[in-house]
Amino acid sequence: MTNNNTTFADAVLVLQNACPGLTVSTQPNVLESHGRDATRFRNPAPTAIVFPDSAQQVQAMVRAAADAGVPLVPSGGRTGLSGGAVAAQGEVVVSFDRMRKVLDFNAVDRTVTVEPGVVTAAVQELAIQNGLYYPVSFAAEGSSQIGGNVATNAGGIRVLKYGLTRDRVTGLKVVTGRGDLLDCNRGLIKNASGYDLRHLFIASEGTLGLIVEITLKLINPPLPSRVLMLGIESVDALMNVFGSLRTALELTAFEFFSDRALAHVRRAQNLPQPFETSCPFYAITEFDCAGEAEEQKAMACLEACTDRGWVQDGVISQNDRQIEELWRYREGISESISHFPPYKNDLSVTVSRVPEFLRRMNLLMNDICPNFEVVWYGHIGDGNLHMNILKPADMNLREFEAKSHEISAQSYALTEELGGSISAEHGIGLLKQPWLKRARSEAEIQLMHGIKNLFDPAGILNPGKVLQDTNRMEKSTA
Ligand code: 2HG
Ligand code: ZN
């Protein structure tokens, strides 16, 4: 895996010599746990896991790795769903578990500066303790790390109102594949001094540089909120309800899931039927509700949607405990189907194209894989739909992956036809890499290779993720 004659054991020595005191583990259980993310389609096979504890150690390590051609796979909370943190080829995994310091909270700038290994929920908590709010939120926030969130531009359930991780990052320190330590944007709000390299690293999935420090801007705490869960009979009705509610109210989230998704999460979490009527689709929406005026607006809007036949049944939260309970129906879905395992599709189209997309994709799925269970859920309010295809119990993983691959050829062609993306928020990683051309043009991909070469000329950073590993291609065809 390493270049020329550098062996796996040499790779570790190279890094240790460059960073005296570097924590290294080759224990089988650590190799197994830290050599993968939440995906199950590749077996972890890292040479070692290293745990740097400072930006300086990361820099020294990357320089040595670049000289010796040691491939490095950055790893955060390992909650990724595209294989971006999988080390299946003898790479050295760089874990940020020992870089968990909060470096600064600035009340005037309303920013927090942290090391990459800080868990997302800890950033949210820190904001609350300081009377502020960090709005990026998703089911895995209790274990995902902020460095990984930045590296994949994590989204989640409140993108509709607050945007993605990218929108929160005002400063980024990064060690590039050349071993340069860059201080991008320095926490500034305004900075028109040329190319904003910060944004190149966000969503680059560790292929251009290793993030060693992040400054995030916080916002005012949100108003009190209410959550509505609604039973809806069709996609068109779902979109009509979304349109009406977002006109009447300040929505922070508008999510959906199918009846199949509901059945899985109910079984896994032992949840009751949310209301009497069974419906093909469910929406869960959260809105700012400072007082009675909003409450009345919500009720009036709901009544109008019910009168028009768009809403079949529903329930509204009465207190914070009920808000949490209702969110469990949506946030527990991913975990409830993880054991199958599912073949994940994290698709997006513009909101206006959601109905056509869902209609055509359902027809396609019924046509090409009628025997597979397809479970839909996602952030319909921002056009991001999760289509999970579940592995039948009597099919082995390899066969299932091959079949899913054949399905992807058609489902991603349809996504491309509708101007969508094959990865909305989970990244390209390893698993979606063969399909990059369905989301980006040839010219874009060539430029991306050029950027990769510029930042990581030795090709040591997360090789084979996002872009095809051209080094390996050349070697294998040599
Ligand atoms: C979610 O929205 C996560 O629940 C996971 O992004 C999506 O399981 C998935 O496909
Ligand atoms: Zn999602």
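Scroll up to find the structure this text is about.
These notes cover the structure that comes with them.

Turning to the site of ligand 1, a few remarks are in order. Inspection of the region around ligand 1 gives Leu81, Arg330, Ser334, Lys344, Tyr377, His379, His386, Asn388, Glu425 and His426 as its neighbouring residues. In this structure, His426 approaches ligand 1 through a side-chain N or O atom, which is 2.9 Å from an oxygen atom. When ligand 1 is considered free in solution it has 300 Å² of accessible area, and contact with the protein chains removes 89% of it.

Here we take up helix 11 (residues 320-331). Over its 12 residues, helix 11 runs 16 Å from end to end, which matches the ideal 16 Å to within 8%, given 1.5 Å per residue. Residues Ile323, Leu326, Trp327, Tyr329 and Arg330 constitute the buried set of helix 11. Axial view of helix 11: buried residues confined to an arc of 140 degrees, hence all on one face. Among the exposed residues of helix 11, those oriented more than 90 degrees off its buried face are Arg321 and Glu324.

A word on the state of the cysteines. Covalent bonding between the sulfur atoms of two cysteines is what defines a disulfide. Using the criterion set out here, one finds 0 disulfides in the structure. Here Cys301 stays free of any disulfide, with the sulfur of Cys305 as its closest cysteine sulfur at 4.5 Å. Cys301 gets classed as buried once you look at its relative accessible area, which sits at 10%.

Another aspect to go through is empty space enclosed by the protein. Counting across every chain of the model gives 1 cavity of 30 Å³ or more. Within this model, the largest cavity holds a volume of roughly 40 Å³. When its residues are assigned to classes, the lining of the largest cavity shows 2 nonpolar, 5 polar and 3 charged.

Now for the nonpolar core. The tendency in soluble globular proteins is for nonpolar side chains to be buried side by side. Core analysis: the biggest nonpolar cluster contains 58 residues, and Val241, Leu245, Met361, Met365, Trp376, Ile380 and Ile389 have the highest contact counts within it. The dominant element in this core, judged by the number of residues it contributes, is helix 8 (residues 235-248), at 7 residues. Apart from the residues within four sequence positions on either side, Met361 is in contact with Leu347, Trp376, Met387, Ser411, Leu414 and Thr415. Core analysis: the next-biggest nonpolar cluster, separate from the first, contains 26 residues, Val118, Val174, Leu208 and Phe455 among them.

Looking now at the coordination of the zinc ion (ligand 2). Within the protein, His379 (NE2), His386 (NE2) and Glu425 (OE) serve as the donor atoms for the zinc ion (ligand 2), at 1.9 to 2.1 Å. Mapped onto the polypeptide sequence, the residues donating to the zinc ion (ligand 2) form the spacing pattern H-x6-H-x38-E. Linking His386 in strand 16 (residues 384-390) with Glu425 in the loop between helix 14 (397-417) and helix 15 (442-455), this pair joins segments that are 39 residues apart in sequence.

In this section: the environment of Asp183. Inspection of the secondary structure assignment puts Asp183 in strand 8 (residues 181-184). Distance in space between the C-alpha atoms of Asp183 and Gln89 is 31 Å, their sequence separation being 94 residues. Setting aside residues no more than four positions away along its own chain, Asp183 makes contact with Leu172 and Lys173.

Pairing analysis gives 4 bridges linking strand 7 (residues 169-176) to strand 8, with the strands arranged antiparallel. Note on strand 8: the bridge partner recorded for Val174 is Leu182. Linking two consecutive strands that pair antiparallel, namely strand 7 and strand 8, is a turn of 4 residues; a positive phi of about 90 degrees is found at Gly179 within it.

What counts and what doesn't
- Residues numbered from 1 in each chain as written.
- Chains lettered and ligands numbered in written order.
- Predicted model: local features only at pLDDT ≥ 70, side-chain atom pairs only at ≥ 80, totals over all residues.
- Heavy atoms only, no water.
- Near = heavy atom within 4 Å.
- Polar contact = N/O pair within 3.5 Å; in protein donor to acceptor, adjacent residues only side chain to side chain.
- Areas by Shrake-Rupley, 256 points an atom, 1.4 Å probe, with all protein chains shown as cover.
- Helix = DSSP H or I, 4+ residues; strand = E, 2+ residues; numbered from the N terminus.
- Expected span 1.5 Å × (residues − 1).
- Buried < 20%, exposed > 50% of the residue type's maximum accessible area, 1.4 Å probe, protein only.
- Arc of directions from axis to C-beta.
- Disulfide = S-S within 2.5 Å.
- 1 Å grid on protein atoms, 1.4 Å probe; cavity = no way out; pocket = protein on both sides within 12 Å on 5 of 7 lines; lining within 4 Å.
- Points joined across faces, edges and corners; volume = space filled by probe spheres on them.
- Nonpolar A, V, L, I, M, F, W, Y, C, P; charged D, E, K, R; others polar.
- Core = buried A, V, L, I, M, F, W, Y, C linked by side-chain atoms within 4.5 Å.
- Contact = heavy atoms within 4.5 Å.
- Donors = N, O, S within 2.8 Å, 3.2 Å for Na, K, Ca; no water.
- Pairing = 2+ DSSP bridges.

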